[in-house]
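Coordinates in review
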Amino acid sequence: MSTDPQQDWKHWHEQRTETVSAPYGPLSLTGTHWLSDYPEGRIPDVPGRWTADGDEVVLTASPEDRITVDGEPLTGEVRLTADTGPIPESRVEAAGRRLVVLRREGLWAVRVFDPESSARRAFAGMEVTPYDPKWVLPGRFRPYDAGRTTIQVENADGRERGLGLAGEIAFDIDGAEHTLRVAVEDDGSLWAVFADATSGDSTYRFRFLRPPAPAADGTVTVDFNRALLPPCAFADHFICPFPPPGNTLSVPVPAGERRLSPAGDR
């Protein structure tokens, strides 16, 4: 990392664009198929038979399905658990597509990542606000006394799901205090789903923010230059949570990633 925050941000943005546009990045997601919607185990346009069995998914395939698991052709059945690693390392592949096993609140799904997706082919970049040091704010993390709490929030697919929150971050914008409710990731970093006065207008309807782990005294840097478009901005088949109550800022935050560039801008 350099000593120039603007250069650091530029490098971060370049890496972010590479990640988004990678062959198995978010633009390549063409479907999230909940197995409960397919009791016979046959998912349209997805080879094999997929059935939930307790804490596993059973995948049954014939040679005609041309499915590989761990790089080897599958004939017969294999038991799978949820994929937790990078998409290119997921176990199941068919015709260049990665078939990724997902579990949410006890329900199983299969996601299809296709490098030839229409969204990836049409990608023309992201509209991003140039770096502005004004939007690097000193913040304070306030953990909840009871630790983690789970609330129900609507997701991008129209269903409500639990969102685990562990506290809030407080910061000042133009002399007024604002707060965002946050989750704490396994590495101690924070995650917020937020909207602001620009959302749905000059920016996507909501965005993500991932501040680093707070210091021992609770101080944390809140850098809105690194506000992220959520995965569902890139593909309709993600199930991103909407901002929880209290996470819609009353002020505009003209910083960070705003929205996808129109396809004609390439």
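In case you missed it, the structure is sitting above this.
What you are looking at is a predicted structure, and each value in this text was computed from that prediction instead of being measured.

**Considerations on the overall build of the protein**
Each helix and strand in the protein was counted, giving 2 helices and 19 strands. For the protein, the C-alpha radius of gyration of 20 Å lies close to 18 Å, the compact-globule estimate for 266 residues. Overall, the C-alpha framework of the protein stretches about 65 × 50 × 35 Å when taken along its three principal axes. Accessible surface for the protein amounts to roughly 13500 Å². Of this, 49% is attributable to carbon and sulfur atoms. Where the 28 positive side-chain charges of the protein centre and where its 41 negative ones centre are 3 Å apart.

**Re the sheet that holds strand β16 (residues 190-194)**
If you trace the 6 strands from one edge of the open sheet to the other, you get β17-β16-β15-β14-β11-β18, paired in antiparallel fashion. The outermost strands of the open sheet, each flanked by one partner alone, are β17 (207-209) and β18 (219-223). When the angles between neighbouring strand axes are averaged without regard to direction, this sheet yields 40°. Strand direction decides the pairing type here: β16 and β17, joined by 3 bridges, are antiparallel. Opposite A192, over in β17, you have L209 as the bridge partner.

**Here we look at the packing of aromatic side chains**
Centre distance and the angle of the planes are the two values used to describe a pair of aromatic rings. Summed over the entire model, instances satisfying the criterion amount to 8 aromatic pairs. When the ring of W9 is compared with that of Y131, the centres are 6.2 Å apart and the planes differ by 45°; the resulting orientation is tilted. Here Y131 lies in the loop between β10 (126-128) and β11 (136-143) and W9 lies in helix α1 (residues 5-21), a separation of 122 residues in the sequence. For W9, a relative accessible area of 10% translates into the label buried. Judged by relative accessible area, which is 16%, Y131 ranks as buried. Seen from their ring centres, W135 and F224 are 6.1 Å apart, and the 90° between their planes marks the pair as edge-to-face.

**A few points about the pattern of salt bridges**
Tallied over the full model, the rule gives 18 salt bridges. Residue E14 pairs with K10 through a salt bridge whose shortest N-O separation is 2.7 Å. Placement of both E14 and K10 in helix α1 is noted, with a separation of 4 residues, approximately one turn of the helix. The exposure class assigned to E14 is partly exposed, which follows from its relative accessible area of 36%. In this structure, R159 and D37 form a salt bridge, with 3.7 Å as the shortest nitrogen-oxygen distance. Pair noted here: R159 is in the loop between β12 (149-154) and β13 (160-165) and D37 is in the loop between β1 (29-34) and β2 (49-53), with a separation of 122 residues, a long-range link. Owing to a relative accessible area of 32%, R159 belongs among the partly exposed residues under this scheme. A single network of salt bridges, built from pairs that share partners, joins R140, R142, E168, D172 and E177.

**Overview of the sheet that holds strand β6 (residues 76-80)**
Spatially, the 3 strands line up as an open sheet ordered β2-β3-β6, and their pairing is antiparallel. Looking along the sheet, the strands with just one partner apiece sit at the ends: β2 and β6. Going from strand to strand, the sheet's axes swing by 25° on average, the running direction of each strand aside. As paired elements, β2 and strand β3 (residues 56-61) share 5 bridges and run antiparallel to each other. Bridge pairing in β3 places A52 opposite V57.

**Some remarks on the nonpolar core**
Core analysis: the largest hydrophobic core is formed by 32 residues, its most contacted members being M126, F206, F208 and F238. Those elements that place two or more of their residues in this core are α1, β10, β12, β13 and β16. When residues in this core are grouped by element, the largest group, 3 residues, is from α1. Those residues in contact with F208, other than ones at most four positions away along the chain, are W191, A192, V193, F194, R226, A227, L228, P230, P231, C240 and P241.

**Observations regarding unusual backbone geometry**
The phi torsion at D70 lies on the positive side, around 55°, for a residue other than glycine. The topology assignment puts D70 in the loop between β4 (67-69) and β5 (72-73). A positive phi angle, near 50°, is found at E105, a position not held by glycine. Mapped onto the secondary structure, E105 falls in the loop between β8 (97-104) and β9 (107-113). The class of E105 is exposed, set by a relative accessible area of 56%.

**Quick notes on the environment of D53**
As for its position among the elements, D53 is in strand β2. Placed 26 residues apart in sequence, D53 and R79 show a C-alpha to C-alpha distance of 8.9 Å. Setting aside residues up to four positions removed in sequence, D53 forms contacts with V58 and R79. There is a polar contact of 2.9 Å between the side chain of D53 and the side chain of R79.

Conventions we followed
Residues numbered from 1 in each chain as written. Predicted model: local features only at pLDDT ≥ 70, side-chain atom pairs only at ≥ 80, totals over all residues. Heavy atoms only, no water. Helix = DSSP H or I, 4+ residues; strand = E, 2+ residues; numbered from the N terminus. Rg over C-alpha atoms; globule rule 2.2 N^0.38 Å. Areas by Shrake-Rupley, 256 points an atom, 1.4 Å probe, with all protein chains shown as cover. Lys, Arg positive; Asp, Glu negative; His and termini not counted. Charge placed at Lys NZ, Arg CZ, Asp CG, Glu CD. Pairing = 2+ DSSP bridges. Axes fitted to C-alpha atoms, helices over the stretch in contact; angles between N-to-C directions. Phe/Tyr/Trp six-rings, centres within 6.5 Å; stacked < 30°, edge-to-face > 60°. Buried < 20%, exposed > 50% of the residue type's maximum accessible area, 1.4 Å probe, protein only. Salt bridge = Lys/Arg side-chain N within 4 Å of Asp/Glu carboxyl O. Core = buried A, V, L, I, M, F, W, Y, C linked by side-chain atoms within 4.5 Å. Contact = heavy atoms within 4.5 Å. Polar contact = N/O pair within 3.5 Å; in protein donor to acceptor, adjacent residues only side chain to side chain.

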